[in-house]
Amino acid sequence: MDDHEHDIHLECDSDDCASGKRNRYYAGKRMRPASFEVEQAYQVERRRLLNRAIHGWGVVYGFALHYEQARAGDARARNPDPTPAAIRIGEGLALDEAGRELVQAGKRLLTASDVYMSKEDLDWLRANPGAAGAPAATPSKAVGTAAQPAEACWLLKVHYAERKGGPVRVRDDCSCERAEWDYLCETVRYSVERADAGQCKGGHPCELTCLCTADDPCDPHADPLGRGSHQCMSRYLSRLDPHAEHIDMAKDGAQLRFDRANAITLARVGLRWNECDAAEFTAILDGWDARRLVKRNDLLFDLIRGCDLTRISKVSWSDWHRRPALVEWKEFAAYFEAGSGKEFTVTFSGPVQGATVQADCFAMSVVTAEASGWGQVHRVPIAGVLRSRPETGDPDDSTRSVTLILGAEWVGGELAKDKTYSLFSNGSSTVEIEVRSDFILDMRGQAVDGSPIGAQAAPTGNGSPGGRYLSTFRVKTRPRPNGDN
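Computed from a predicted structure; not experimentally measured.

Definitions and limits used
Residues numbered from 1 in each chain as written. Predicted model: local features only at pLDDT ≥ 70, side-chain atom pairs only at ≥ 80, totals over all residues. Heavy atoms only, no water. Buried < 20%, exposed > 50% of the residue type's maximum accessible area, 1.4 Å probe, protein only. Helix = DSSP H or I, 4+ residues; strand = E, 2+ residues; numbered from the N terminus. Pairing = 2+ DSSP bridges. Phe/Tyr/Trp six-rings, centres within 6.5 Å; stacked < 30°, edge-to-face > 60°. Lys NZ or Arg CZ within 6 Å of the ring centre and 35° of its normal.

(A) Main features of the pairing of strand β21 (residues 468-475). Only one face of β21 is buried, namely the one carrying Tyr469, Ser471, Phe473 and Val475, since none of Arg468, Leu470, Thr472 and Arg474 on the opposite face is buried. With eight bridges connecting them, strand β20 (residues 429-436) and β21 associate as antiparallel partners. If you follow Thr430 over to β21, its bridge partner there is Arg474.

Encoded structure:
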């Protein structure tokens, strides 16, 4: 026996071999059912180990949810029976904390009677028949007509499940018959669970923690460009257990077992105890933020590129942005004339929260040359903003474009045609228009990615929320009223 074989023997010195046992084939080996079970268990457990160690856990894709209202029966219709409220769940794939694949191959209509609920939760709901929802910070997300008392929070979860199939009769050597099942169908089981308010806020905090203790100090002289990330990851990964998470396979009837412990939350839902003495769905309160996600490689690269962010898609003065040639005075002045149809307007690639778009999100400055060569900065007063109405399908409190309203006295004093002198009269001027994108939030609560790219006016975006959009151009000297400069 060489050293390598000796090491393996020391680690796997029993039939259990927790690190992973697989068949060793040799001529004349007799394969028994236990041998095939070893082979199958090795392949399955190794795959699940890699799933939980590399991919993590959560929803991979799918499991789209749609709430369907209850409908009363109609004796004159083809189906006179009433239809209970239900949630339609689409095809989906998820990985649980044990590394198992949760696959739903087709759409499924789920009523409250189809989901598992603990006896404690059923008793609570029966005792609180009006508790239809959860504390909702964003009521606009609710789909349906659920009330939302603060004392209830219900989470719709999906679990890994196994169902026995293919009943067979087996005759032993002693001619005794027994019943067996030919295969296991890997499927999913749904549950609804009452949770505390802290689990109903949506979103998921950072799990990566970097703790430095007196017993295990960090190196304060680590490479600052690396932000000490290698130390942090090493500490975090050393605390993880490569073995399977706790598995609690509970029986649900004669043929089905499901894991109650390692569930994946899909949504916050409304639930009530109805007049028919049964639980009933009332709404989908949050079908997105409540989910934990497995971030696929393509999604990670899209996140790096900022594909989830709203950007500045257009500015009305884009032809002037950073161009070498001076802007003609008449061209520039037209933007301040009533009825000209020309205005200083910023357009976004998606809807943004109208309440966050205020006058202080913008700044306009005019830089004129002094005799000494210094540039004198004059801040143009912005009196307000005019927001566009929501487009079809956009939320009621959103906007997609904003027009600057400049102070009337400043416009009249500096750009009126009958004025003989203004700050634009002493040579060419530089105009700077700034958009403070950190102040402007889209409908997902993310700051608009307003960082400009090179010489192009729009679209903006460097892949990070927020930023300062600065557009500059130069304007020719204003002619005097008689036409002479």
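(B) A look at the packing of aromatic side chains. Scanning the entire structure with this criterion turns up 15 aromatic pairs. With 4.7 Å between their ring centres and 55 degrees between their planes, Trp320 and Tyr335 make a pair best called tilted. Here the residue Trp320 occupies a position in the loop between β14 (312-315) and α6 (329-333), and Tyr335 occupies one in the loop between α6 and β15 (345-353), the gap between them amounting to 15 residues. The pair formed by Trp320 and Tyr335 is uniform in burial state, with each residue classed as buried. Ring centres 6.0 Å apart and planes at 55 degrees place the aromatic pair Phe336 and Trp410 in the tilted group. Of this pair, Phe336 sits in the loop between α6 and β15 while Trp410 sits in helix α7 (residues 408-415); the two residues are 74 residues apart in sequence, bridging distant segments of the chain. By way of ring pairs, the aromatic residues Trp317, Trp320, Trp329, Phe332, Tyr335, Phe336, Phe344, Trp410, Phe424 and Phe473 are connected into one cluster. Over the face of the ring belonging to Tyr25 we find Lys29, whose NZ or CZ atom lies 5.6 Å from the ring centre.

(C) Quick peek at unusual backbone geometry. Here Ala458 and Pro459 are connected by a cis peptide whose omega angle stands at 0 degrees. Turning to its location among the elements, Pro459 is positioned in the loop between β20 and β21. Within the chain, Phe63 stands out as a residue other than glycine whose phi angle is a positive 60 degrees. Mapped onto the fold, Phe63 is located in the loop between β1 (58-62) and β2 (65-68). Its relative accessible area of 0% is what places Phe63 among the buried residues. We note that Asp277 has phi near 60 degrees; this positive angle belongs to a residue other than glycine. Here Asp277 shows up in the loop between β12 (264-273) and β13 (279-286).

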